[in-house]
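Letter by letter, the chains look like this.
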Amino acid sequence: MTDNDNLGEQPATDESTTDRRTLLKATGTTIVGGAGLAAASGSASAQFLGSPEVIEVDDGLFGWSADGSIPVADEVLVFIHGWFGDSTVESQTTDVQDSLEAGGYTPDETVAIEWPGTTLNFIGAEADTEDVGEVVAGLVEEFYDAGGGNIRLVGHSLGGRCVYWTATKLSSGYEIETVAGLGAAADGSEICGDPWNPGLSNACEVRNYHSQSDSTVGSAYGGWGDTALGTEGAGCNPGANYTDVDVTYSVGSHLAYLGDDAVGSDLADAINAGSCTSGGDDGGDDGGWFDF
């Protein structure tokens, strides 16, 4: 399902995904600079009271693991950063939380997942997202086993890959309430088929925010017969609980998803609409939560 603004899709090219990724590696300096700007623009609460709880996920002596647990609460926002985002994950998380609260949703607890994304080896970082997703899936399962309520899982850029991997890595019987990718660094085919399509059944609501102004993702993914997930959306109908949300009119760059009012408002509305298991398509405009 799509929730677009009739802006049309960019034409596909015959440039290979590998070549596009090489181009993205070359823009690493720009992204590092942008990450610094994101930190500077972050809410002061990221440094003082109201700071998100940071859980570090890293590859250690015994493999990938986390140094903490998701706090047990009724409503928990979990944010995962992207490439070069580990140094500014607190301010990025706060920006996302602020936009959600402005839209009408306030979590009881907020968690920032920090993983080693600061590396010039973009291909390696992309591969690491599967391991990060698997560790976070374990944290999610522990949260539910401990009596936790609802998790709202949001990821930006390579963090978008992490959240889709998290849903895919969940064990049978577990379901994340909300999964949202912001400018996800991925091909549309990855969620239309392998590896993430099976994981959609492990989420109640999946919303993928994309912008045609996101040239960073657009230069690295997509190509002939495919789409850049964070620029054009999936280009297919992956599942009944999946919605592509085009925010081109509001998001003008790759980092602009973080704290964007339109993104926060739409996601907050979807969360506040309630359980998607009790609805059906009534033919109305309900923001996609029940519009299967």
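A brief report on the enclosed structure follows. Each residue is numbered by its place in its chain's sequence as written, counting from 1. This being a predicted model, a pLDDT of at least 70 is required before a residue's local features are given, and a value of 80 or more before pairs of side-chain atoms are given or counted; all residues contribute to the totals for chains, interfaces and linings. Based on all heavy atoms of the structure, the side-chain values leave hydrogens and waters out of the count.

Concerning helix α3 (residues 89-103)
Just so we agree on the cut-off: Every helix listed is a DSSP run of H or I at least four residues long, and every strand listed is a run of E at least two residues long, numbered separately from the N terminus. One fewer than the residue count of a helix, multiplied by 1.5 Å, yields its expected span. When accessible area is computed with a 1.4 Å probe and restricted to protein chains, residues below 20% of their type maximum are described as buried, those above 50% as exposed, and intermediate ones as partly exposed.
In this model, α3 (15 residues) spans 21 Å end to end at C-alpha, consistent with the 21 Å of a helix rising 1.5 Å per residue. Along α3, the positions that sit buried rather than exposed are V89, S91, Q92, T93, T94, D95, V96, Q97, S99 and L100. Downstream of α3 by a residue or two, G104 has a phi angle that is positive, lying close to 110°.

Topic: a negative patch on the surface
Going by this rule: Patch building starts from residues that exceed 30% relative accessible area and form no salt bridge, then joins like charges within 9 Å and nonpolar side chains (Val, Leu, Ile, Met, Phe, Trp, Tyr) within 5 Å. Note on areas: Shrake-Rupley with a 1.4 Å probe; residue coverage comes only from the protein chains shown. Salt bridges are identified by distance alone: a Lys or Arg side-chain nitrogen within 4 Å of an Asp or Glu carboxyl oxygen. The charged-residue count follows a simple rule in which Lys and Arg add positive charge and Asp and Glu add negative charge, with His and chain termini not counted at all. Taken as the charge location is NZ of Lys, CZ of Arg, CG of Asp or CD of Glu.
The grouping of E53, D74, D108 and E109 at the surface amounts to a negative patch. Here E53 lies in strand β2 (residues 53-60).

Things to note about the state of the cysteines
Basically, it comes down to this: Note on terminology: pairs of cysteine sulfur atoms within 2.5 Å are recorded as disulfides.
Inspection of every chain in the model, using the stated rule, returns one disulfide. What pairs with C192 in a disulfide is C236, and their sulfur atoms sit 2.0 Å apart. Note on the C192 and C236 pair: the S-S dihedral is about -105°, so by sign convention the disulfide is left-handed. Here C236 lies in the loop between α8 (229-232) and β9 (242-246) and C192 lies in helix α6 (residues 189-192), a separation of 44 residues in the sequence. Taking relative accessible area as the criterion, C192 reaches 27% and is therefore assigned partly exposed. Exposure remark for C236: the relative accessible area of 28% places this residue in the partly exposed category.

With respect to the side chain of D244
Here is the rule we go by: Nitrogen and oxygen atoms within 3.5 Å of one another constitute a polar contact, given that in protein one can donate a hydrogen and the other can accept it, and given that sequence-neighbouring residues count only through two side-chain atoms.
With respect to the helices and strands, D244 occurs in strand β9. Looking at D244, its side chain comes within polar contact range of the side chain of N208, at 3.0 Å. Only 2.6 Å separates the side chain of D244 from the side chain of Y242, close enough to count as a polar contact.

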